[in-house]
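# Descriptive analysis of the structure
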Amino acid sequence: MAVKIRHTGRYREIAMALMRHGFGYMVEELGLFQVLSLPRRWVTHEAIETKTLGERIRLVLEDLGPTFVKLGQLASTRSDLLPDSIIQELIKLQDQVPPFSSEAARSILEEDLDATVEEMFARFDETPVAAASIGQVHLGRLQSGEEVAVKIQRPGALQTITRDLGILRDLTQLAEKRWVWAKRYQMSRLADEFSKSLLAEMDYSREGRNTEKIALQFQHDAHIFIPQIYWQYTSSRVLTMEYVEGVTLGQRAELAKAGFNLKLIAERFVNAMLHQIFIEGFFHADPHPGNLLVQKDGSLAFLDFGMVGRLSEDIKDHLSELIIALMRKNTDSMIRAILHLGLLPEDHDMAALRRDLDILQAEYYDIPFADIGIGRALTDLFGVAQRHAIVMPPDLSLLGKALLTMEGVIQKLDPALSIVDMAEPFGRKLIKERFSPRRLRTKLLGGAAGLVEALMDLPGQAKHLSALLSRGKLKVEISLPELESLMRKLDQISNRLSFSIVLLAFSIIMVGLIIGSSLNSQSSILWHFPVIGIGFGVAFLMVLWLLYAIFKSGKF
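Residues numbered from 1 in each chain as written. Predicted model: local features only at pLDDT ≥ 70, side-chain atom pairs only at ≥ 80, totals over all residues. Heavy atoms only, no water.

What follows is about helix 15 (residues 262-280). Its 19 residues place the ends of helix 15 26 Å apart at the C-alpha level, agreeing with the 27 Å of an ideal helix rising 1.5 Å per residue. Regarding helix 15, its N-cap is Asn261, as a side-chain oxygen of that residue lies 3.1 Å from the backbone nitrogen of Lys263 further along. Positive backbone phi, approximately 70 degrees, marks Gly281, located one or two places after helix 15. (Helix = DSSP H or I, 4+ residues; strand = E, 2+ residues; numbered from the N terminus. Expected span 1.5 Å × (residues − 1). Polar contact = N/O pair within 3.5 Å; in protein donor to acceptor, adjacent residues only side chain to side chain.)

Quick look at the structure:
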């Protein structure tokens, strides 16, 4: 591996963290000992004896700092890739770090917004109310009088994260060359996927756009509140939004003490999330209690839209199929939905997949579906997909995590609330919309347009194919489970062709003999035998045998 010299120190830190927590064998197999000149005596097995695999992975990520902590948090949403024991440890990753100085915060504000703090704010609180690895939040008041919360990115955070993501990409590519399992799970592709999500979260202007998009979904719902974004005071490193005051959903005692109807709040929360997921296809992917506030008037405020999920129309359709199949305990329908949603490996075992799904539905057999959590059911299904190396769309994993988080919140607010019962009207609406004349017309027109386009491309494709054939560069690869049967059929066809050719040759010889006998007046020993009669009889028998073989095969 060509380790970049300017990053050697960081590679060394990563290698030492791995060795410190019992992953020295990975450092050795990746070849980092030789590249970084690491002494082998640093390898320790102590952590292996005292901690679980999930704990050791979490400790490595915490040791490596903000980038790897955020990646671990993103990975905790991928229940289709990681076992539950590791997921539960990754959920524990804490993103709490000491705040950076107010001088640095001021400097970023003034550099990005091209104005002094005093020109922009009538009041700016020097002490942040929250600090994390990527940024921190200060409260203030604009000169126009609005109370605001200002999120400011940590100095150098983008450069640090970009460097670490580059190293992660190099390591995953190396891992795919060394380990079969890494290639099977497409680790470099996953690293690129996580990198894309993390870099998107680094752009605060993108979070602002997400906030406004969610706000449009609830513009006519007085019970859901989304804070306003002040774009004049927002950039890629600064996000200024309306300050929201209220009690978080995690403070159940405070909510009850204030006289709020907890059942009503829970219903509003579930309805809002289901509307985002099933109707809009664009949803808050991290609805933990700290991101949800109940205001004085009882309305529910959503905060922090750095992590959002998107569901296309097709994914929503197949998701509804999956949930209905699970509800009806129909294995065939579950398999079809999973195959529509996921990317199967080339060597997948359909019989084993069916067996695991049968086992899963047996676990739910005696449980009313209303008592089953949608998030838990989806997570279990994604776990089956993970065991069979089926790669699911990342937004589906975000959905599973969002639903699990929602169910956890609801359990504390109103344990008797059935999310499935509340989801039923959304499911009916989704199915009705799926088969509506408008959707069917759109799909038919889209299919027709695609067909016309394909037909128009056909001459060009045929010309290209002809050029490849003329140059002898066309390669055909066949990979079929029934290849042996196919070869037997080809053998039969070739044998019958040979038989037919022999029959034709025999017929030609006989015709030649007949003509020769009629033209040649000389006597020959051959003419003393009934050659023509015998030949006719042999030919007749051969034709009968050929017809019998063809009719017997049923391929006449």
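Here the narrative resumes.
Moving on, we get to the layout of surface pockets. By volume, the second largest pocket is sized at about 1200 Å³. Around the second largest pocket, the lining is made up of 34 residues, and of these Met26, Ile57, Leu82, Trp181 and Met187 lie nearest the centre. Every element with two or more residues in the lining of the second largest pocket is listed here: helix 1 (8-20), helix 2 (24-29), helix 5 (53-64), helix 6 (66-75), helix 7 (84-90), helix 10 (157-178) and helix 12 (187-202). When residues of the lining of the second largest pocket are assigned to their parent elements, the largest contribution, five residues, is made by helix 5. (1 Å grid on protein atoms, 1.4 Å probe; cavity = no way out; pocket = protein on both sides within 12 Å on 5 of 7 lines; lining within 4 Å. Points joined across faces, edges and corners; volume = space filled by probe spheres on them.)

What follows is about a positive patch on the surface. Side chains of Lys196, Arg206, Arg209, Lys213 and Arg310 sit close together on the surface and give a patch of like positive charge. Its place among the elements puts Arg209 in helix 13 (residues 204-217). (Patch = residues over 30% accessible without salt bridge, like charges linked within 9 Å, V, L, I, M, F, W, Y side chains within 5 Å. Areas by Shrake-Rupley, 256 points an atom, 1.4 Å probe, with all protein chains shown as cover. Salt bridge = Lys/Arg side-chain N within 4 Å of Asp/Glu carboxyl O. Lys, Arg positive; Asp, Glu negative; His and termini not counted. Charge placed at Lys NZ, Arg CZ, Asp CG, Glu CD.)

The subject of this paragraph is the pairing of strand 4 (residues 147-153). A regular strand places its side chains so that they alternate between the two faces of the sheet. Among the seven residues that make up strand 4, six are buried, leaving the element largely enclosed by the rest of the structure. Relative to strand 4, strand 3 (residues 135-142) is paired through seven bridges, and the arrangement is antiparallel. The partner of Val137 across the bridge, within strand 4, is Lys151. In textbook terms, the turn of a hairpin is the stretch between consecutive antiparallel strands, and for strand 3 and strand 4 this stretch comprises four residues, one of which, Gly145, has a positive phi near 105 degrees. Across five bridges, strand 4 lies against strand 6 (residues 238-242) in antiparallel orientation. When the bridges of strand 6 are listed, Lys151 appears paired with Leu239. (Buried < 20%, exposed > 50% of the residue type's maximum accessible area, 1.4 Å probe, protein only. Pairing = 2+ DSSP bridges.)

Before going further, it helps to spend a moment on the side chain of Thr234. With respect to the helices and strands, the residue Thr234 is situated in the loop between strand 5 (224-225) and strand 6. Engagement of the side chain of Thr234 in a polar contact is seen with the backbone oxygen of Tyr230, the distance being 2.8 Å. With residues up to four places along the chain from it excluded, the contact list for Thr234 reads Leu113, Ser205, Ile229, Leu239 and Thr240. (Contact = heavy atoms within 4.5 Å.)

On to helix 8 (residues 102-113), then. Over its 12 residues, helix 8 extends 16 Å from the first C-alpha to the last, a length consistent with the 16 Å expected when each residue adds 1.5 Å. Contact partners of the buried residues in helix 8: helix 9 (117-120), strand 1 (121-124), strand 3, strand 4 and strand 6. Directly after helix 8, the chain includes Asp114, whose backbone phi takes a positive value near 55 degrees.

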